[in-house]
Amino acid sequence: MQHQATTAKNGCSSKDANNGSKNDGGSATESLYGLKDVDGVVGGPKHGGLFADADQSFAELDGLIQPKTVSKTDQEIVRIIGQHLTSIGLHRSAEVLMQESGCRLDHPAAAKFCQHVMDGDWNKAEMDLTELKNVLVCPQNLVEMKFLLQEQKYLECLEDGRVMEALNVLRHELTPLGHNVVRVHELSGFMMCSTGEELREIAQWQGKGHLSRGALMERLQRFLPASIMLPPRRLHALLTQAVDSQKERCPYHNVKSNAPFDNVSLLSDHMCSKDQLPLETWQILNDHCDEVWFCRFSPDGTMLATGSKDTTVMIWIVDPDNCSLTHLKTLEGHSYGVAYLSWSPDSSHLAACGPDDCPELWVWQVETGQLRTKLSHASEDSLTSCAWHPDGRRFVAGGCRGQFYLCDLEGNVLESWEGVRVQALAWKTDGKTVLAADTHHRIRGYNFDDLTDCNILQEDHPIMSFTVNSTGRLALLNVATQGVHLWDLQDRILVRKYQGLTQGFYTIHSCFGGLGQEFIASGSEDNKVFVWHIRRELPLATLTGHSRTVNCVHWNPRFPHLLASASDDGTVRLWGPSQECRDSANAASTQATTNNAAAAGSTVTNHSSDSPKSTPSNSGESDGD
């Protein structure tokens, strides 16, 4: 029965391994799911009732089933089903299926090899490789397969305390292969382990037995063609792909799953409810006493920063249990108002910029609330946008009057670029190139290392703001009088134009967000928030509640069901799923991955003298070409 459990995990059929031969000896010569072998385990007479009748039916079929002629596709389906039945312990059912279809689960040589690996019969397993050499996906992989076998043998010898035997394997079987010398040196260091527990911990190995051997067999199987031996858990893999594909096509899917089939039925196609999107106002923040120009969640999703015309920045804590916002502190002194905010990648610092006539940039240490630096290079400067380098130790800042600086945390200007009228900024993920929207309706790439620049994309109208997704490949632009445009920065093509919102010459900040950043949101001059799926031009939802222009929206990178919006009505709104989905959404969001946490993006802006709304820039001005 121990061998049955082992075989079930890997789908090895010793019936195929024998192929009628009795020369192999040991457990490999007995069918692991022959009818007599499992008689009485499931459906035997001692169970009585329906199972007893079923057992009698199987007994009548034994040896009398005539194989049917089936197509190649049907043969593959039968093999996949047979593998799954075997993996869940339904050996009798798998045996009858194979007999009636005339199929074999695996090639006899491959099944025999699998059985010897699971039995730990390393000499026979290596001999089996000779038979399989000609059917390997790549014959050169034979050395790799031998290496993996001997590695397992070596570790098992060490765990059993057979040090001299392990040393012999290392010297005379592993080393002569001349393969993966670095790993051989690492294996030799395991000789110093005094206990099996220490060995398993240092080697990150499961120990002698069917678990580690099963893992080994899965690694070995990738070298064998599927026609010889099915890949492990093939049915599970196919169903996972199908479910993932349906989730990708679902326009509302916004819930993190811990396993492929969580909250999914295989009996029908997957389709989420629209209620999973942030459609309802969960909280309204009225603490600012003037227009709120900007809002931004921290990259770790634990805080929200809001900037206002009232000259303050407010920091809010996100409660992970009920996803509500609680005021933490207020950062004061921004005499021009706060029109743009940028968090450092580690969420420790916050940079604040003002509108077009503001020559200052403030960098705050968030935990202490202390001002780290105040950048004011010249009184005629206009520092309206900034972006952090991925290392968090530098940032770029610029404005529409021709300033473009690379600075450190102390405010020292490390490099500058003359004559570039910056509307918006973002670092590329490579940490070498800064993307800057300018007054000529372009986004250009600037390399501060070698002081080179190049065109990335060209719009026909002013770019009011843009943000880049977590991969650095897609950019979302708010374009004056045009709306929201999605660009592929790598292929340098316009991918999609989103419909619905009202976008004039006000600076409105849109964002990527939701699970896997599959959604897009933007404020609008008609006081609404629009939500789209990234692959659909028409909005999925229109959120109402603000009474004046919505200047900025931002999706929480940690809790994909939370969206914040800032408006000229002086309020910040926190949006979440409908009441029916709230409890399940809160539970699922706590499992959000760090990849989503890295999806804060880098939104950039263009502001006027007393409001984040500006007129078109003079395209005739020099841009330092």
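- With an unreviewed UniProt entry as reference, the protein is termed CTLH domain-containing protein, source organism Daphnia magna.

**Considering the overall build of the protein**
Okay, so step 1: Tallying secondary structure elements over the protein gives 15 helices and 28 strands in all.
Okay, so step 2: Taken across its 625 residues, the protein has 54% of its residues classed as buried.
Okay, so step 3: Nonlocal contacts in the protein, meaning residues at least 24 apart in sequence, comprise 54% of its contacts between residues at least 6 apart.
Okay, so step 4: When the accessible surface of the protein is split by element, carbon and sulfur atoms take 49% of a total near 26900 Å².

**Quick look at the UniProt feature "repeat: WD" (unreviewed entry) in the protein**
Okay, so step 1: UniProt feature "repeat: WD" (unreviewed entry): in the numbering of this structure it lies at residues 285–316, 331–362 and 543–575.
Okay, so step 2: Along residues 331–362 one finds 0% helix and 38% strand; the C-alpha atoms at either end are 10 Å apart.

**As for the packing of aromatic side chains**
Okay, so step 1: One pass over the structure, following the stated rule, counts ten aromatic pairs.
Okay, so step 2: Three or more aromatic residues joined by ring pairs make a cluster, and in this case those are Phe404, Trp417, Tyr446 and Phe448.

**With respect to the pattern of salt bridges**
Okay, so step 1: Using the criterion set out here, one finds 24 salt bridges in the structure.
Okay, so step 2: Between Lys72 and Glu76 there is a salt bridge, with its nearest N and O atoms 2.6 Å apart. Of this pair, Lys72 and Glu76 both sit in helix H4 (residues 72–87), separated by four residues, roughly a single helical turn.
Okay, so step 3: When its relative accessible area of 59% is taken as the criterion, Lys72 is described as exposed.
Okay, so step 4: For Glu186, the salt bridge goes to Arg183, with nearest N and O atoms at 3.2 Å. With a gap of three residues between them, Glu186 and Arg183 both fall in helix H10 (residues 181–189), about one helical turn apart.

**Observations regarding the confidence of the model for the protein**
Okay, so step 1: The pLDDT averaged across the protein works out to 83; a share of 82% of its residues lies at or above 70.
Okay, so step 2: Contacts for the low-pLDDT stretch residues 1–9, under 50 throughout, to residues beyond four places or in other chains number 24 contacts.
Okay, so step 3: Scored below 50 in pLDDT, residues 588–625 makes 132 contacts in the model with residues more than four places away or belonging to other chains.

**Concerning the sheet that holds strand E5 (residues 325–331)**
Okay, so step 1: With antiparallel pairing, the four strands of this open sheet are ordered in space as E2-E3-E4-E5. In this open sheet, the two strands that pair with only one neighbour each are strand E2 (292–297) and E5. Averaged over all pairs of adjacent strands, the angle between their axes in this sheet comes to 20 degrees, without regard to strand direction.
Okay, so step 2: Taken together, the five bridges between strand E3 (residues 303–308) and strand E4 (residues 313–318) define a ladder with antiparallel strand orientation. Bridge pairing in E4 places Gly307 opposite Val313.

Here is what the cut-offs are and how they apply
Residues numbered from 1 in each chain as written. Predicted model: local features only at pLDDT ≥ 70, side-chain atom pairs only at ≥ 80, totals over all residues. Heavy atoms only, no water. Helix = DSSP H or I, 4+ residues; strand = E, 2+ residues; numbered from the N terminus. Buried < 20%, exposed > 50% of the residue type's maximum accessible area, 1.4 Å probe, protein only. Contact = heavy atoms within 4.5 Å. Areas by Shrake-Rupley, 256 points an atom, 1.4 Å probe, with all protein chains shown as cover. UniProt positions renumbered as here; feature names shortened; annotations may be inferred. Phe/Tyr/Trp six-rings, centres within 6.5 Å; stacked < 30°, edge-to-face > 60°. Salt bridge = Lys/Arg side-chain N within 4 Å of Asp/Glu carboxyl O. pLDDT = per-residue confidence, 0-100. Pairing = 2+ DSSP bridges. Axes fitted to C-alpha atoms, helices over the stretch in contact; angles between N-to-C directions.

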